[in-house]
Amino acid sequence: MVLCKANCGNKAILKRPKTGDALCKECFFTAFECEIHETITKGQLFKSGDKVAIGASGGKDSTVLAYVLKLLNERYKYNLKIVLLSIDEGITGYRDDSLETVKKNRDDYGMELKILSYEELYGWTMDKVVSVIGKTNNCTFCGVFRRQALDRGAKMLEVDCVATGHNADDIAETVLMNILRGDMVRLRRCTKIKTHSNEDAIPRVKPLKYTYEKEIVMYAHFKKLVYFSTECIFAPNAYRGHARMFLKDLEKIRPSVIMDIIHSGEQIQFKENIKKPVLDICQTCGFVSSCQPCKACVLLEGLNRGLPKLGIGKKSKGERMIAQQNLERIHRVKNDF
Amino acid sequence: MEIKLDFGGGAEVLFDNIKKRDLTLDSSKKWTIRTFLQYMKENLLTDREELFLQGECVRPGILVLINDTDWELLGELDYEIQPNDNISFISTLHGG
């Protein structure tokens, strides 16, 4: 039997991946919660009186985030009003089930819950999108729509910021992927704990940025938190999957690798002449975007025109597709006479 | 030898979606997690092997608990299974 490193005399129940320490259940809870508190205070994620929306999927990360944020808010008197914001992508057999978990969180934690659906925002469920685009590129639609849907929901709820459940493993994985893809813009942004897309936009914060996935799952297990753990039924993201397994293999040999990769991502210096996107407001929908019109509007136009591949790939290719379709329409009108 | 087995975090989908099982192992031989994983592969696993195992070990990202204690504190593959042990496999690889 291994005893708790904190000398409390209790039996250790887990080996912390971050430090290698063996801790008992109570000391683990304390360490886990204190570190998140420290992340929140050091990063100045919230101000007293803030209304905070948790992007809640019903999965392990957002379930633990909701639980811990409620607990820390009470313990350390953050004076936050916490609400839950969920996005219903319209994926039968996946999201409809996970939303039941979010509703349970709402009842258990006494938080207001707002569910926004792709159907009401865009007129398309993911089921419908997949029926026209198939199972390639569908994740592009889902990702772009979700990002904007969270912004829209945050605006509707009039919150000061949106907290998401991204954990240390997620962030290390994203750093790796951005390096592998040479995406310097995202590489620069992905390790930031607080992101402002521009002055008017509602910031996003990641209180679990330094929290290991293993500890999140162990915390949920020992606290008996109920979460939803089914993989999306539409094509898993293969590239991310490889990065994830690579990281998990490295972690087995050297658990600190997760923190080390985040640290590397944070410390990388970028050349001044690197092209930075200029963030603006989309003239079509009025939400933040780095291009005109925004990606969500282009994807949506493609779906509505019956050209679902419109927003996939280069802009010039999309423009040619529209021109071609317009030409065909003119021909059709002419031939009608 | 009677033992209990349970799955969580999505690991159950690899085992016919059954979350809890009671098992009786042949008491005449010594069981370690190493040999038990082989037993699981041959008798219980219903999905692809590589989703659960990597070599003789569980795939990284699947947590193993023995009587609610992290197997990393108990010798991992070399742990000798005792009667009435409760062995849990929890996936961290699903959803989020």
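Here, the structure is the one placed above.
Residues numbered from 1 in each chain as written. Chains lettered and ligands numbered in written order. Predicted model: local features only at pLDDT ≥ 70, side-chain atom pairs only at ≥ 80, totals over all residues. Heavy atoms only, no water.

Caption draft 1: Just the interface of chain B and chain A, in detail. With 23 residues of chain B at the interface, the matching set in chain A holds 26 residues. Summed over both sides, the interface of chain B with chain A buries roughly 2,100 Å², with 55% coming from carbon and sulfur. Applying the counting rule to chain B against chain A returns three salt bridges. Note that Glu-72 of chain B and Lys-214 of chain A form a salt bridge whose closest N and O atoms lie 2.9 Å from each other. At the boundary of chain B with chain A, the tally comes to seven residue pairs in polar contact (both at pLDDT 80 or more). Elements represented by at least two residues in the side of chain B that touches chain A include exactly β5 (62-66), β6 (69-70) and β7 (86-91) of chain B. Here the side of chain B that touches chain A is composed, by residue class, of seven nonpolar, 10 polar and six charged. (Contact = heavy atoms within 4.5 Å. Buried area = accessible area lost by both parts, 1.4 Å probe. Salt bridge = Lys/Arg side-chain N within 4 Å of Asp/Glu carboxyl O. Polar contact = N/O pair within 3.5 Å; in protein donor to acceptor, adjacent residues only side chain to side chain. Helix = DSSP H or I, 4+ residues; strand = E, 2+ residues; numbered from the N terminus. Nonpolar A, V, L, I, M, F, W, Y, C, P; charged D, E, K, R; others polar.)

Caption draft 2: Structural view of the nonpolar core. Membership of the largest hydrophobic core comes to 49 residues, with the highest contact counts inside it found for Phe-46 and Tyr-219 of chain A. Secondary structure elements with two or more residues in this core: α1 (25-42), β3 (51-55), α2 (60-75), β4 (81-88), α3 (95-109), β6 (161-163) and α9 (213-222) of chain A together with β5 of chain B. Apart from residues lying up to four places away in sequence, Phe-46 of chain A is in contact with Ile-40, Val-52, Leu-69, Leu-80, Cys-161, Val-205 and Pro-207 of chain A. (Core = buried A, V, L, I, M, F, W, Y, C linked by side-chain atoms within 4.5 Å. Buried < 20%, exposed > 50% of the residue type's maximum accessible area, 1.4 Å probe, protein only.)

Caption draft 3: Just the packing of aromatic side chains, in detail. Under the defined criterion, the tally for this structure stands at 20 aromatic pairs over all chains. Judged by centre distance (6.1 Å) and plane angle (75 degrees), the ring pair of Phe-141 of chain A and Phe-145 of chain A falls under edge-to-face. With Phe-141 of chain A and Phe-145 of chain A both in helix α6 (residues 138-157) and four residues apart, the pair spans about one turn of that helix. Here Phe-141 of chain A and Phe-145 of chain A have matching classes, each one buried. Consider the rings of Phe-52 of chain B and Phe-89 of chain B, whose centres lie 5.4 Å apart with planes at 65 degrees: the pair is edge-to-face. Here Phe-52 of chain B, found in the loop between α1 (33-43) and β3 (53-54), pairs with Phe-89 of chain B, found in strand β7; they are 37 residues apart in sequence, far enough to count as distant. For the pair Phe-52 of chain B and Phe-89 of chain B, one class covers both residues: buried. Cation over ring: Lys-223 of chain A sits above Phe-29 of chain A, and NZ or CZ is 4.2 Å from the ring centre. In this structure, Lys-29 of chain B is placed above the aromatic ring of Trp-31 of chain B, and the distance from its NZ or CZ to the ring centre is 4.7 Å. (Phe/Tyr/Trp six-rings, centres within 6.5 Å; stacked < 30°, edge-to-face > 60°. Lys NZ or Arg CZ within 6 Å of the ring centre and 35° of its normal.)

Caption draft 4: Spotlight on the packing of helix α5 (residues 126-133) of chain A against α6 of chain A. All names here are of chain A. One can describe the packing of α5 onto α6 by two numbers: an axis separation of 9 Å at closest approach and a directional angle of 145 degrees. The interaxial crossing formed by α5 with α6 has right-handed handedness. In this structure, α5 uses Met-126, Val-129, Val-130 and Ile-133 to contact α6, whose residues at the interface are Asn-138, Phe-141 and Cys-142. Tallied by class, residues from the contact of α5 with α6 come to six nonpolar, one polar and no charged. (Axes fitted to C-alpha atoms, helices over the stretch in contact; angles between N-to-C directions. Left-handed = near helix turned anticlockwise from the far one by under 90°.)

Caption draft 5: Main features of the sheet that holds strand β2 (residues 20-24) of chain B. On the basis of which strands lie adjacent, the open sheet formed by five strands has the order β2-β1-β7-β5-β6 (chain B) and mixed pairing. The sheet is open, and its two borders are formed by β2 and β6 of chain B, each paired with just one other strand. Bridge count for β5 of chain B against β7 of chain B is five bridges, and the pairing is antiparallel. Of the residues in β7 of chain B, the one forming a bridge with Ile-66 of chain B is Ile-87 of chain B. The sheet strands contacting α9 of chain A are β5, β6 and β7 of chain B, and the helix crosses β5 of chain B at an angle near 45 degrees. (Pairing = 2+ DSSP bridges.)

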